[in-house]
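Notes for the structure review
Here is what each chain is made of, one letter per residue.
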Amino acid sequence: MNDIDQKKFPIGTFKEPENICDITLDEYIKVIKDFPGKLKNLIEDFSDDQLDTQYREGGWTVRQLVNHIADSHINSFVRFKLALTEDNPTIKPYDEAKWAELQDSQNMPVKPAMRMIRGTHQRWTALLKSMTNKQFERTFHHPEHNKNYDLRHCLALYVWHCNHHFAHIENIKKEKGW
């Protein structure tokens, strides 16, 4: 992996697990539960200048990453609820790059996004803990990929997503000596 790819994908690209046992599922739920506090601890002392630093050349700023996480995870939470209450619903895709360019993602303090992440993850964790194995098999359809995703594998993707963006921020913090 070259340096640009390493900065883009510091933990590697997502690799869909073949089977996800109950023990792994519990580990995934713990990541979702713990992520907001872990992210808060990582960025709580960042200045506005640090928040406005790109995690890599041509990449988003830390501020945009935090807002992206809030946007992405609330969309995922809604997709879980749709899959649990409808028969293989077709979800609404969105252009995450364009969302990250909107003024609320670029200019607002990160506290509102952090509150969204904390609240979304609290509710998501409660929902995940209440789900049966049968419910984790429920699916939604992603029209851009023309593919059905089951909730067990979708959860694996969002655990990766937490760790992926956390590593972006952690790496820039180390690189800059913050």
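As named in an unreviewed UniProt entry, the chain is Metal-dependent hydrolase, taken from Chryseobacterium shandongense.

In a regular helix each residue adds 1.5 Å, so 24 residues correspond to 34 Å; helix 4 (residues 62-85) covers 35 Å between its end C-alpha atoms and thus fits that length. In terms of burial, helix 4 is largely enclosed, as 19 of its 24 residues are buried.

Counting 45 residues, the largest nonpolar core has Ile-43, Val-66, Phe-80, Leu-128, Leu-155 and Ile-169 as its most contacted members. At 10 residues, helix 9 (residues 151-176) tops the list of elements feeding residues into this core. Excluding anything up to four places from it in sequence, Phe-80 contacts Trp-124, Leu-127, Leu-128, Met-131, Leu-151, Cys-154 and Leu-155.

Counted under the stated rule, the structure contains 9 salt bridges. Between Glu-175 and Lys-7 there is a salt bridge, and its shortest N-O distance comes to 2.8 Å. Residue Glu-175 is located in helix 9, and its partner Lys-7 is located in helix 1 (residues 3-8); the two are separated by 168 residues in the primary sequence. With relative accessibility at 49%, the residue Glu-175 sits in the partly exposed group. Looking at Lys-7, the relative accessible area reads 27%, which means it is partly exposed. Salt-bridge contacts for Asp-52 lead to Arg-63; the nearest nitrogen and oxygen are separated by 2.7 Å. Of the two residues, Asp-52 sits in the loop between helix 3 (48-51) and helix 4 while Arg-63 sits in helix 4, which places them 11 residues apart along the sequence. Taken together, the shared-partner salt bridges in this structure form one network comprising Lys-30, Lys-33 and Asp-34.

Summed over all chains, the structure comprises 6 aromatic pairs. Arranged with centres 5.1 Å apart and planes meeting at 80°, the rings of Phe-46 and Trp-178 form a pair that is edge-to-face. With Phe-46 in the loop between helix 2 (22-43) and helix 3 and Trp-178 in the segment after helix 9, this pair connects stretches of sequence that are 132 residues apart. The class for Phe-46 is buried, based on a relative accessible area of 11%. Each ring, one from Phe-80 and one from Trp-124, has its centre 5.7 Å from the other, and the planes form 75°; the classification is edge-to-face. Highlighted residues: Phe-80 in helix 4 and Trp-124 in helix 7 (residues 111-130), separated in sequence by 44 residues. Of the two residues, Phe-80 and Trp-124, neither departs from the other in class, the shared state being buried. Of note, Lys-38 hangs over the ring of Phe-166, and the distance from its end group to the ring centre comes to 4.4 Å.

This paragraph deals with the UniProt feature "domain: DinB-like" (unreviewed entry) in the chain. In the numbering used here, UniProt assigns the feature "domain: DinB-like" (unreviewed entry) to residues 38-169. With 67% helix and 6% strand, residues 38-169 has its two end C-alpha atoms placed 12 Å apart.

Two elements in contact, helix 2 and helix 4, have axes separated by 13 Å at closest approach and are oriented at 170°. For the element pair helix 2 / helix 4, the angle class is roughly antiparallel. Residues Phe-35, Leu-39 and Ile-43 of helix 2 pack against Val-62, Val-66, Ile-69 and His-73 of helix 4. Residue classes in the contact of helix 2 with helix 4 are distributed as 6 nonpolar, 1 polar and no charged.

Glancing now at the pairing of strand 2 (residues 147-150). By the bridge criterion, 4 bridges tie strand 1 (residues 139-142) to strand 2 in an arrangement that is antiparallel. Bridge assignment links His-142 to a residue of strand 2, and that residue is Lys-147. Hairpin remark: strand 1 followed by strand 2, antiparallel, with 4 residues in the connecting loop; positive phi at Asn-146, about 50°.

What counts, and at which threshold
- Residues numbered from 1 in each chain as written.
- Predicted model: local features only at pLDDT ≥ 70, side-chain atom pairs only at ≥ 80, totals over all residues.
- Heavy atoms only, no water.
- Helix = DSSP H or I, 4+ residues; strand = E, 2+ residues; numbered from the N terminus.
- Expected span 1.5 Å × (residues − 1).
- Buried < 20%, exposed > 50% of the residue type's maximum accessible area, 1.4 Å probe, protein only.
- Core = buried A, V, L, I, M, F, W, Y, C linked by side-chain atoms within 4.5 Å.
- Contact = heavy atoms within 4.5 Å.
- Salt bridge = Lys/Arg side-chain N within 4 Å of Asp/Glu carboxyl O.
- Phe/Tyr/Trp six-rings, centres within 6.5 Å; stacked < 30°, edge-to-face > 60°.
- Lys NZ or Arg CZ within 6 Å of the ring centre and 35° of its normal.
- UniProt positions renumbered as here; feature names shortened; annotations may be inferred.
- Axes fitted to C-alpha atoms, helices over the stretch in contact; angles between N-to-C directions.
- Parallel < 35°, antiparallel > 145°, perpendicular 65-115°, else oblique.
- Nonpolar A, V, L, I, M, F, W, Y, C, P; charged D, E, K, R; others polar.
- Pairing = 2+ DSSP bridges.

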